[in-house]
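Summary of structural features
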Amino acid sequence: GQNIDQPTEMTATEGAIVQINCTYQTSGFNGLFWYQQHAGEAPTFLSYNVLDGLEEKGRFSSFLSRSKGYSYLLLKELQMKDSASYLCAVRGNVYNQGGKLIFGQGTELSVKP
Amino acid sequence: ETGVTQTPRHLVMGMTNKKSLKCEQHLGHNAMYWYKQSAKKPLELMFVYSLEERVENNSVPSRFSPECPNSSHLFLHLHTLQPEDSALYLCASSPDRGSTDTQYFGPGTRLTVL
């Protein structure tokens, strides 16, 4: 079966660092995406990992370990505007899964002053 | 100009109504998608179109009927819906299907079925 797990909710303080974890079990793997979704708005692309290691993009970094079926999104110097839902999504194998995205339920992050 | 637009943003309909959701992308992409997002649940892929041809139908009930007249427009025709169909319906597009391309989402239509 296909399963993407991430915490439902997290709370952090403005200026701090927060790590949002995602574990996955899928029958195929062709990359992992992180999206940010503010309430009532479209999910927006944050990062893409297909090889093991850390991808850094400004205040946001994403890590992947394919052997462990594990990823995390690291947010540094948190700002109030970072309060949002963070969606982890795995792209399935192109040939037997059509390369479709399988989403986790999202992690609702609340940043407090 | 925003990349992916959806109309209407909010829709309330009765179970006997017929309505349509519209999606338009201004990114020159070849693939378009419909997703359903229910509260506290993961996004569920409903349909995939590639070059105006439906390439995936994820066991969606026939009361949802997609239409893709060209690569820039995607519709979701709704009829005889149930209250459990109330959700946020998101449209997305990507340069091509089945590659490493990122999907870009529209703002969604918040649907309430009474």
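Structure first, text after, so check above.
Right, let's walk through the structure included here. None of the values given here were measured: they were computed from a predicted structure. (Residues numbered from 1 in each chain as written. Chains lettered and ligands numbered in written order. Predicted model: local features only at pLDDT ≥ 70, side-chain atom pairs only at ≥ 80, totals over all residues. Heavy atoms only, no water.)

Considerations on the nonpolar core
Note that soluble globular proteins tend to have their nonpolar side chains buried in a common cluster. Judged by nonpolar contacts, the single largest core of 22 residues is most densely connected at B:Trp34, B:Phe64, B:Leu76 and B:Leu78. Counting only elements with at least two residues in this core, the list comes to β2 (10-13), β3 (18-25), β4 (31-37), β5 (44-50), β7 (64-70), β8 (73-79), β9 (87-94) and β11 (109-113) of chain B. With near-sequence residues (within four places) excluded, B:Leu78 lies in contact with B:Leu11, B:Met13, B:Asn17, B:Lys18, B:Lys19, B:Leu21, B:Arg63, B:Phe64 and B:Leu111. Formed by 21 residues, the second largest nonpolar core is a distinct cluster that contains A:Cys22, A:Leu64, A:Ala84 and A:Val111. (Core = buried A, V, L, I, M, F, W, Y, C linked by side-chain atoms within 4.5 Å. Buried < 20%, exposed > 50% of the residue type's maximum accessible area, 1.4 Å probe, protein only. Helix = DSSP H or I, 4+ residues; strand = E, 2+ residues; numbered from the N terminus. Contact = heavy atoms within 4.5 Å.)

Here we look at unusual backbone geometry
A cis amide bond, omega -10°, links B:Thr7 with the succeeding residue B:Pro8. Take B:Pro8: it is sitting in the loop between β1 (4-7) and β2. Positive phi is not limited to glycine here, since A:Glu77 has a value of about 45°. Secondary-structure assignment places A:Glu77 in the loop between β8 (70-75) and β9 (84-91). Of the residues examined, A:Glu77 reaches a relative accessible area of 54% and is grouped as exposed.

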